[in-house]
Amino acid sequence: MSELQDIADCLMKGKANDVKEHVQKALDAGTAPDKILNEGLLAGMSIIGERFKKNEVYVPEVLIAARAMKAGMEILQPELAASGVEPIGTAVIGTVKGDLHDIGKNLVGMMLEGAGFKVVDIGIDCEPEKFVQTAKENKAKVVGISALLTTTMTNMKAVVEAMKASDCNAKTMIGGAPVTQAYCDEIGADGYAPDAASAADLAKSLLA
Ligand code: B1M
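Keep in mind the model is a prediction, meaning the values are calculated, not measured.

A. Examining the side chain of Thr172 more closely. With respect to the element layout, Thr172 can be found in strand S4 (residues 171-175). On the basis of relative accessibility, which here comes to 3%, the residue Thr172 falls in the buried class. Not counting chain neighbours up to four residues away, the residues in contact with Thr172 comprise Val143, Ile145, Val160, Met163, Ala189, Asp190, Gly191 and Leu206.

Put into structure tokens, the structure is as follows:
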């Protein structure tokens, strides 16, 4: 079995130390860092995302896979930077004003990283201006807005409106348990995703 396949397999099993070891071995064997990223780490994370969508794996498996991905990235990141490989774009994510839930938002962040984005997480209870300001500062291509309460999801509209009123042209995407495609259409966000894996797919499609 190839080293790249080993990386993907160990990542899917959440074996962080083994992922690190195989990434190092692949580098030592002269494999290009972007090949290790795309055909090892991201390939494994993408399979986890698909399985998560189909309810074949659950939140804990995704979290340990994401931790293994981070471990592999620690070894790979300096090599990627040295070889000039850039993230596919920057995504800003946060939970809306008044809302303290962040478990789903964190998962979305991990899947976005797994899809090749640089993620700037602005946390919970975020004012619309914080989304806009951070998106501008980081030249973000996507702004992800999360809400878990029926009482706070209405604050998503203010974020979408603030983004539209600004000179920042990042796309907006929304999600969270009470959120629907109909609500997305109503407030004029660029996209809605029902789960973290779909959010990564959506963010990539919004770049096109
Ligand atoms: Co809260 N809570 N909570 N809570 N809480 C819910 C959401 C609730 C449904 C529980 C219930 O009553 N059955 C209910 C909301 C009811 C409603 O509005 N309809 C509720 C309530 C009422 C409250 C409080 C008001 C309770 C109180 O104080 N009286 C309070 C509000 C605090 C506040 O925010 N201002 C409150 C507080 C809390 C805790 C702090 C204790 C804790 C949060 C801890 C934390 O997040 N660090 C908490 C928790 C844990 C929950 C439940 C149990 C679990 C939420 C969760 O993390 N799910 C929840 C009940 C439930 O959902 N079963 C509940 C796991 C997570 C992976 O799923 O977040 O849905 P989820 O994310 C998914 C998708 O939604 C999607 O992808 C994720 C992964 O697939 N997604 C996105 C999420 N964001 C996305 C963004 C995207 C795309 C997809 O694009 C940007």
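B. Local environment of the pairing of strand S1 (residues 89-96). Summarising burial for S1: eight of the eight residues are buried, a large majority. Pairing geometry for S1 and strand S2 (residues 117-126), over seven bridges, is parallel. By the bridge assignment, Gly89 is partnered in S2 with Phe117. Chirality of the crossover, the property in question, places the unit of S1, helix H5 (residues 103-114) and S2 among those that are right-handed. In this sheet, strand S3 (residues 142-146) lies alongside S1 in parallel orientation, the contact comprising five bridges. In the strand pairing of S3, Ile93 is matched with Gly144.

C. Fine view of the nonpolar core. Leu41, Leu112 and Met173 are the most contacted members of the largest nonpolar core, which totals 47 residues. Those elements that place two or more of their residues in this core are helix H1 (3-12), helix H2 (16-28), helix H3 (33-53), helix H4 (59-82), S1, H5, S2 and helix H9 (196-207). At nine residues, the largest contribution of residues to this core is made by H4. Here this core gathers at least three residues from each of two domains, domain 1 (3-82) and domain 2 (89-207). The residues contacting Met173, other than those within four sequence positions of it, are Val108, Leu112, Val142, Val143, Gly144, Ile145, Gly191, Ala199, Leu202, Ala203 and Leu206. Counting 25 residues, the second largest nonpolar core, distinct from the first, contains Val92, Val120, Val143 and Cys168.

Conventions and cut-offs
In this numbering scheme, every chain counts its residues from 1 along its sequence in written order. The predicted origin of the model limits local features to residues at a pLDDT of at least 70 and limits the giving and counting of side-chain atom pairs to 80 or more, whereas totals for whole chains, interfaces and linings rest on all residues. With hydrogens and water stripped out, all remaining heavy atoms of the structure feed into the side-chain values. By the criteria applied, helices consist of DSSP H or I runs no shorter than four residues and strands consist of E runs no shorter than two, each listed in order from the N terminus. A 1.4 Å probe rolled over the protein chains alone gives each residue an accessible area, and that area as a share of the maximum for its type sets the label: buried under 20%, exposed over 50%, partly exposed in between. The contact definition used throughout considers only heavy atoms, calling two residues in contact when any of these lie within 4.5 Å. For two strands to be treated as a pair, DSSP must find at least two bridges joining them. Place the viewer so that the strands point away; then a crossover is right-handed whenever the path from the first strand over the helix to the second strand goes clockwise. Here, nonpolar core means buried Ala, Val, Leu, Ile, Met, Phe, Trp, Tyr and Cys residues that are tied together by side-chain atoms lying within 4.5 Å of each other. Domain start and end points were adopted from an automatic or database domain assignment.

By themselves these figures say nothing about function.
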